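Structure assessment
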Amino acid sequence: MGLLNSIEKTMGKEAKLALVAMENKAEATKEKKPVTNKIKIGHVHMSGCTGCLVSLADNNLGLIKILDDYADLVYCLTLADVRHIPEMDVALVEGSVCLQDHESVEDIKETRKKSKIVVALGSCACYGNITRFSRGGQHNQPQHESYLPIGDLIDVDVYIPGCPPSPELIRNVAVMAYLLLEGNEEQKELAGKYLKPLMDLAKRGTSGCFCDLMYDVINQGLCMGCGTCAASCPVHAITLEFGKPQGERDLCIKCGSCYGACPRSFFNLDVIPEFENINEIIANALKEGESDD
Ligand code: SF4
Ligand code: SF4
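Each chain carries its own residue numbering, running from 1 in the direction its sequence is written. Written order decides the labels, with chains lettered from A and ligands numbered from 1. Residues qualify for local features only when their pLDDT is at least 70, as the model is predicted, and side-chain atom pairs are given and counted only at 80 or more; totals for whole chains, interfaces and linings, by contrast, use all residues. Side-chain calculation: all heavy atoms of the structure are included, whereas hydrogens and water are not.

Going by an unreviewed UniProt entry, the chain carries the name Coenzyme F420 hydrogenase subunit gamma and comes from Methanosarcina barkeri str. Wiesmoor.

This is the structure in C-alpha cells:
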C-alpha cells in the first residue's frame, strides 16, 4: 500500500477522491523508473549549523522512500556533487545570509530566480535566530558580521520555523509540495490547505513581535504554556510566569521568532482537524511502502 493510499484511507471524502489518482500515479512511476514526474528538490546552505539538514536526514528510510519515488535531490552541497545552483521545483534554504559574503548574496538571489517554491527551512532562514548576534571578528572570517533572514532579501513562499524543525514537518512539506506541483486540481487544493498556515507565516516574515503573540494566542486563550516561545527568543525577552509567557518589551527586537515557533500562532480550525493525524499517516504509509519493495 502506497503513501497516498494510506492518506486516502484516513482523510475525508474529498481528500479521498483527490488521492486516488495520486496513488495510481505513484504506482505507475514505481513500475517505470527512472520516473520523469518526480519533483526537483534542492538544499541551499547559507549560514547555519546544518542542524536542519540533520533533521531532514532524521527521516531515515522515509527520506529514502521519498527520494526514490517522489523527489530528486538535485542540489545539496553536503550530499550531492553539484556545484552550481540548478533549476529547482522546491528550494529548501537553511541558514541566514551573510551580507559581507557576496557569493551568498548572489546565491540566494539565484535560488529565487531558479526555484518555483522557496522554503525557509528553520529559524535562522526564517528569523535570523542566533546568527543575528554575530558581530564579526571570528578567526576564519573576521569580516563576516551581518546576517539577515532570507525573507529580508528575497520573496519566500513557505516558512518552516524551528531550531531545527522536526523531521516530520520537513517531510510533510516535501510530500505536500509534490502534491501541489504534480497533483490534479483536488490534490493541489488539499496541499494548498496544508501549506497555507506556513505560507501565511512567510507572508508575515520577520515583522512579528511579542505583542502579536499576546494578541493572537495568549489573549485568545489558545496558549497551552509549552514555553516554546521563550526557548526561541534570541534575547531572552520571554519568561514563563505561572505557566504563561510574559514579554519584556524593552528587550524585544521584533524578530518574529516567538510567533513563528508557537504551535498555536497559526492555529486554523478550518484546516487543523483535517490534518490532525497527518504525521502518523505519512509515517505509516512510508513504512508500508518500504515493505512493499
Ligand atoms: S519576544 Fe523575542 S522572539 Fe519574540 S519577537 Fe521579541 S525578540 Fe523576537
Ligand atoms: S509557544 Fe505559544 S502555546 Fe507555547 S507558551 Fe508560548 S504562546 Fe503559549
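1. Considerations on helix H8 (residues 185-204)
The numbering of helices and of strands both runs from the N terminus, where a helix is a DSSP run of H or I of at least 4 residues and a strand a run of E of at least 2. Expected span, for any helix, means 1.5 Å times one less than how many residues it has. Spanning 20 residues, H8 covers 27 Å between terminal C-alpha atoms, matching the ideal 28 Å at 1.5 Å per step. Two axes enter the bend calculation: one fitted to the seven residues ending at the residue in question, the other to the seven starting there, and the bend is the angle between them. At lysine 196, H8 shows its largest bend, some 50 degrees, and a proline, proline 197, comes one to four positions later. Among all positions in H8, only Gln187, Leu190, Ala191, Tyr194, Leu195, Pro197, Leu198, Leu201 and Ala202 are buried. Two N or O atoms form a polar contact when they lie within 3.5 Å of each other; inside protein one atom must be a possible hydrogen donor and the other a possible acceptor, and for residues adjacent in sequence the pair counts only when both atoms belong to side chains. The backbone nitrogen of glutamate 186 lies 3.0 Å from a side-chain oxygen of the residue at the head of H8, namely asparagine 184. Exposure categories follow from relative accessible area, calculated using a 1.4 Å probe and restricted to protein chains: below 20% of the type maximum is buried, above 50% is exposed, and the middle band is partly exposed.

2. A few points about the layout of surface pockets
Taken as a whole, the largest pocket encloses approximately 880 Å³ of empty space. Detection works on a 1 Å grid of protein atoms alone, calling trapped sets that fit a 1.4 Å probe cavities and calling open sets with protein on both sides within 12 Å along at least five of seven lines pockets, with lining residues defined by an atom within 4 Å of a point. If you trace the largest pocket, you find 35 residues lining it, with Leu169, Tyr194, Leu198, Pro263 and Phe266 closest to the centre. Elements that contribute at least two residues to the lining of the largest pocket include exactly helix H7 (167-182), H8, helix H10 (228-232), helix H11 (257-261) and helix H12 (278-292). Lys, Arg, Asp and Glu make up the charged group, whereas Ala, Val, Leu, Ile, Met, Phe, Trp, Tyr, Cys and Pro make up the nonpolar group; the residues left over, Gly among them, are polar. Split into classes, the residues belonging to the lining of the largest pocket amount to 20 nonpolar, 13 polar and two charged. Domain assignment of the residues forming the lining of the largest pocket places at least three in each of domain 1 (39-207 + 268-286) and domain 2 (210-261). Quantified by volume, the second largest pocket comes out at close to 240 Å³. Grid points are joined across faces, edges and corners, and a volume is the space filled by probe spheres set on the points. What fixes the domain bounds is an automatic or database domain assignment.

3. Structural notes on helix H5 (residues 102-114)
In this model H5 runs 18 Å from its N-terminal to its C-terminal C-alpha over 13 residues, within 8% of the 18 Å that 1.5 Å per residue would give. Those residues of H5 that fall on the buried side of the exposure criterion are Ser104, Val105, Ile108 and Thr111. Looking down the long axis of H5, one finds its buried residues gathered within 125 degrees of arc, a one-sided arrangement. Turned more than 90 degrees away from the buried face of H5, the exposed residues are His102, Glu103 and Lys113. Any two residues whose heavy atoms approach within 4.5 Å are treated as being in contact. Of the surrounding secondary structure, the elements contacted by the buried residues of H5 are strand S1 (39-45), strand S3 (88-94), strand S4 (97-98) and strand S5 (115-121). Our arc is simply the arc of the directions from the helix axis toward the C-beta atoms.

4. Regarding the pattern of salt bridges
What makes a salt bridge here is a side-chain nitrogen of Lys or Arg within 4 Å of a carboxyl oxygen of Asp or Glu, nothing more. Under the defined criterion, the tally for this structure stands at 10 salt bridges. For aspartate 69, the salt bridge goes to lysine 65, with nearest N and O atoms at 3.0 Å. You can see aspartate 69 and its partner lysine 65 sitting in helix H4 (residues 61-69), four residues apart, about one turn around the helix. Like aspartate 69, the residue lysine 65 is buried in the burial classification. Here arginine 204 ties to aspartate 212 by a salt bridge, and the two come within 3.5 Å at their closest N and O atoms.

5. With respect to the site of ligand 1
Close to ligand 1 lie 14 residues, the nearest being Cys233, Cys252, Cys255, Gly256 and Cys258. A per-class count over the shell around ligand 1 returns 10 nonpolar, three polar and one charged. We define proximity as follows: a residue is near a molecule or strand when any one of its heavy atoms falls within 4 Å of that partner.

6. Overview of the packing of aromatic side chains
The rule is short: rings of Phe, Tyr and Trp, with Trp giving its six-membered ring, pair when the centres are within 6.5 Å, and they are stacked under 30 degrees, edge-to-face over 60, tilted in between. Overall, the coordinates contain three aromatic pairs when judged by the stated rule. A centroid spacing of 5.1 Å and a plane angle of 75 degrees characterise the contact between tyrosine 70 and tyrosine 178, whose relative ring orientation is edge-to-face. Of this pair, tyrosine 70 sits in the loop between H4 and strand S2 (71-76) while tyrosine 178 sits in helix H7, and the two are 108 residues apart along the sequence. Taking 5.1 Å as the distance between ring centres and 75 degrees as the angle between the ring planes, the aromatic pair formed by tyrosine 194 and phenylalanine 275 counts as edge-to-face. Of this pair, tyrosine 194 sits in helix H8 while phenylalanine 275 sits in the loop between H11 and H12; the two residues are 81 residues apart in sequence, bridging distant segments of the chain. Phenylalanine 275 carries the same exposure label as tyrosine 194, and that label is buried. Looking at arginine 204, its charged tip hangs above the ring of tyrosine 259, at a distance of 3.9 Å from the centre. Criterion for a charge above a ring: Lys NZ or Arg CZ within 6 Å of the ring centre, and within 35 degrees of the ring normal.

7. Brief notes about the sheet that holds strand S7 (residues 158-160)
A pair of strands counts as paired when DSSP detects no fewer than two bridges linking them. Taken in spatial order, the five strands make up an open sheet running S2-S1-S3-S5-S7, and their pairing is parallel. Pairing within the sheet leaves two strands with one partner each, and these edge strands are S2 and S7. Between one strand axis and the next, the sheet turns by 25 degrees as a mean value, whatever way the strands run. Taken together, the three bridges between S5 and S7 define a ladder with parallel strand orientation. Bridged to alanine 120 within S7 is tyrosine 159. Throughout, an axis means a line fitted to C-alpha atoms (over the contacting stretch in the case of helices), and angles, computed between N-to-C directions, take values from 0 to 180 degrees. Sitting on the sheet, H7 is in contact with S1, S3, S5 and S7, with an inclination near 140 degrees to S1.

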